[in-house]
Amino acid sequence: MATQIDKEACREAYNDVRDDNTETSWAAFKYEGSTILPGGTGADYEEFKNLCTDDGRLFGFVRFTTGDAMSKRAKFILITWIGENVSGLQRAKISTDKTLVKDVVQNFAKEFMISDRRELDEDYLCTELKKAGGANYDAQAE
C-alpha cells in the first residue's frame with residue numbers, strides 16, 4: 001500500500017516550529033500504518049531524541065538558534081531517522097516517502113539522514129548548520 005501523509009495536521013506542526021511566537025522547537029512525523037502523521041512537538045530537543053529508537057523511523061523538523069551575541073537567527077533542519085533495527089524494505093521506502101514530507105516541510109537549511117544516536121548530538125548538528133551557512137561572522141575573541 002502506498003504511503004500517505006496527513007498534510008494539514010503535519011503542516012500545523014511544521015508551522016508551530018517556524019512560528020517565532022511559540023516555544024516549540026521541534027516536530028516529529030511518524031508512521032502509523034502506511035500514513036505519516038505528527039508524532040509530537042515540543043520545546044526540549046532531548047524529548048525529540050527520545051523518539052529516535054533503534055526500531056523506529058521518523059522525520060523531524062527542528063529549530064536551532066545560531067549566530068553570536070550581535071546576531072541571533074533561527075535555522076531549521078530536516079532529520080530523517082532510521083533506527084539500526086529497521087528492515088531493509090522500510091529503509092528503502094523511507095527515501096521515497098521523504099518526498100511526501102518535503103511537500104509540507106519546505107524551508108530548512110540542512111538535511112540529515114541519521115541512524116546513529118550520536119549524530120543526534122545538538123553541538124554536532126549546530127556545527128554542521130554553521131558550515132552550511134557559508135561565511136561565519138561570529139564575534140571573534142581577541
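All of these numbers come straight from a predicted model, not from anything done at the bench.

Caption draft 1: Representation of helix 1 (residues 7-18). Under the 1.5 Å per step criterion, the end-to-end length of helix 1 is 16 Å for 12 residues, consistent within 8% with the ideal 16 Å. For helix 1, the set of buried residues is Cys10, Ala13, Tyr14 and Val17. For helix 1, the arc enclosing every buried residue in end-on projection is 100°, short of the 170-degree limit, so these residues lie on one face. Opposite the buried face of helix 1, at more than 90 degrees from it, the exposed residues are Glu8 and Glu12. Elements in contact with the buried residues of helix 1: strand 1 (4-5), strand 2 (26-32), strand 3 (35-42), strand 4 (57-67), strand 5 (72-82) and helix 3 (88-104).

Caption draft 2: A look at the environment of glutamate 111. By the secondary structure assignment, glutamate 111 is in strand 6 (residues 110-114). When its relative accessible area of 29% is taken as the criterion, glutamate 111 is described as partly exposed. Separated by 76 residues in the primary sequence, glutamate 111 and threonine 35 place their C-alpha atoms 22 Å from one another. Reaching out from glutamate 111, the side chain makes a polar contact with the side chain of lysine 102 at a distance of 2.9 Å.

Reading the values: rules and limits
Residues numbered from 1 in each chain as written. Predicted model: local features only at pLDDT ≥ 70, side-chain atom pairs only at ≥ 80, totals over all residues. Heavy atoms only, no water. Helix = DSSP H or I, 4+ residues; strand = E, 2+ residues; numbered from the N terminus. Expected span 1.5 Å × (residues − 1). Buried < 20%, exposed > 50% of the residue type's maximum accessible area, 1.4 Å probe, protein only. Arc of directions from axis to C-beta. Contact = heavy atoms within 4.5 Å. Polar contact = N/O pair within 3.5 Å; in protein donor to acceptor, adjacent residues only side chain to side chain.

Everything listed here is a matter of coordinates, which is why it stays silent on function.
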